[in-house]
Amino acid sequence: MTKINISVVGLEKALSDMTKKGRQAAQKADKVTEKYTRRMANEAGQGAPVKSGDLRANVIASPRRLKLGEWEFGGTLAYARRQEYEHKTHKGFIRKAVWNNRKAYRDEMRKEVVDK
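Quick caveat: nothing in here was measured; it's all calculated off a predicted structure. (Residues numbered from 1 in each chain as written. Predicted model: local features only at pLDDT ≥ 70, side-chain atom pairs only at ≥ 80, totals over all residues. Heavy atoms only, no water.)

Draft legend 1. The arrangement of the overall build of the protein chain in detail. A tally of regular secondary structure across the protein chain gives five helices and three strands. Along the protein chain, from the amino end to the carboxyl end, the secondary structure elements read β-α-α-α-β-β-α-α. Sorting the 116 residues of the protein chain into buried and exposed places 36% on the buried side. Across the protein chain, contacts joining residues at least 24 apart in sequence account for 67% of those joining residues at least 6 apart. Surface summary for the protein chain: the accessible area is close to 7,400 Å², and the carbon and sulfur share equals 51%. (Helix = DSSP H or I, 4+ residues; strand = E, 2+ residues; numbered from the N terminus. Buried < 20%, exposed > 50% of the residue type's maximum accessible area, 1.4 Å probe, protein only. Contact = heavy atoms within 4.5 Å. Areas by Shrake-Rupley, 256 points an atom, 1.4 Å probe, with all protein chains shown as cover.)

Given below as structure tokens:
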């Protein structure tokens, strides 16, 4: 399975603070991470090579939560990794989706979690 893991560094510290503020920050971080994981999966699916449409559907349906603040997406099909890394077109559709959303994800995470 080709996987891209998205996790928030420092979330453990926020979770260890069992105050209401710490729990709220962890929940906000998880929601932002979910939003951007789903957005990246959709964008990667739209950029995936299409022959039968299976790879596209597989990538779009793949986001899942591993634990609070940690989500993953990718392709479970046998040829997903080959299409991502080895195919002669070098599309890198999953890597491009992550790259295109990294700044917006970081900015929204800062806005939501940092004290105002």
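Draft legend 2. Molecular detail of the side chain of Asn101. Mapped onto the fold, Asn101 is located in helix H5 (residues 93–113). Its relative accessible area of 6% is what places Asn101 among the buried residues. Reaching out from Asn101, the side chain makes a polar contact with the side chain of Glu43 at a distance of 3.1 Å. Excluding anything up to four places from it in sequence, Asn101 contacts Tyr36, Arg39, Met40 and Glu43. (Polar contact = N/O pair within 3.5 Å; in protein donor to acceptor, adjacent residues only side chain to side chain.)

Draft legend 3. Main features of the nonpolar core. By size, the foremost hydrophobic cluster in this structure holds 16 residues, and its most contacted members are Ala44, Leu55, Val59, Phe73 and Phe93. The element contributing the most residues to this core is helix H2 (residues 20–47), with six residues. Beyond its immediate chain neighbours, meaning those up to four positions away, Leu55 contacts Ala48, Pro49, Leu77, Tyr79, Ala80, Gln83 and Phe93. (Core = buried A, V, L, I, M, F, W, Y, C linked by side-chain atoms within 4.5 Å.)

Draft legend 4. Representation of the packing of H2 against H5 within the structure. Across the interface, H2 lies against H5 with an axial gap of 9 Å and an inter-helix angle of 160 degrees. As far as their axial angle goes, H5 and H2 are roughly antiparallel. The two elements H2 and H5 meet at a crossing, and its hand is right-handed. (Axes fitted to C-alpha atoms, helices over the stretch in contact; angles between N-to-C directions. Parallel < 35°, antiparallel > 145°, perpendicular 65-115°, else oblique. Left-handed = near helix turned anticlockwise from the far one by under 90°.)

Draft legend 5. Quick peek at the pattern of salt bridges. Across all of its chains, the model carries seven salt bridges by this definition. Salt-bridge contacts for Asp107 lead to Arg110; the nearest nitrogen and oxygen are separated by 3.5 Å. Of this pair, Asp107 and Arg110 both sit in helix H5, three residues apart, which is roughly one turn of the helix. (Salt bridge = Lys/Arg side-chain N within 4 Å of Asp/Glu carboxyl O.)

Draft legend 6. Geometry of the packing of aromatic side chains. Counted under the stated rule, the structure contains one aromatic pair. When the ring centre of Tyr36 is taken as reference, the NZ or CZ atom of Arg39 above it lies at 4.7 Å. Geometry around Trp99 places Arg102 over its ring, the cationic atom sitting 3.5 Å from the centre. (Phe/Tyr/Trp six-rings, centres within 6.5 Å; stacked < 30°, edge-to-face > 60°. Lys NZ or Arg CZ within 6 Å of the ring centre and 35° of its normal.)

Functional significance is not addressed by these values, which are geometric in nature.
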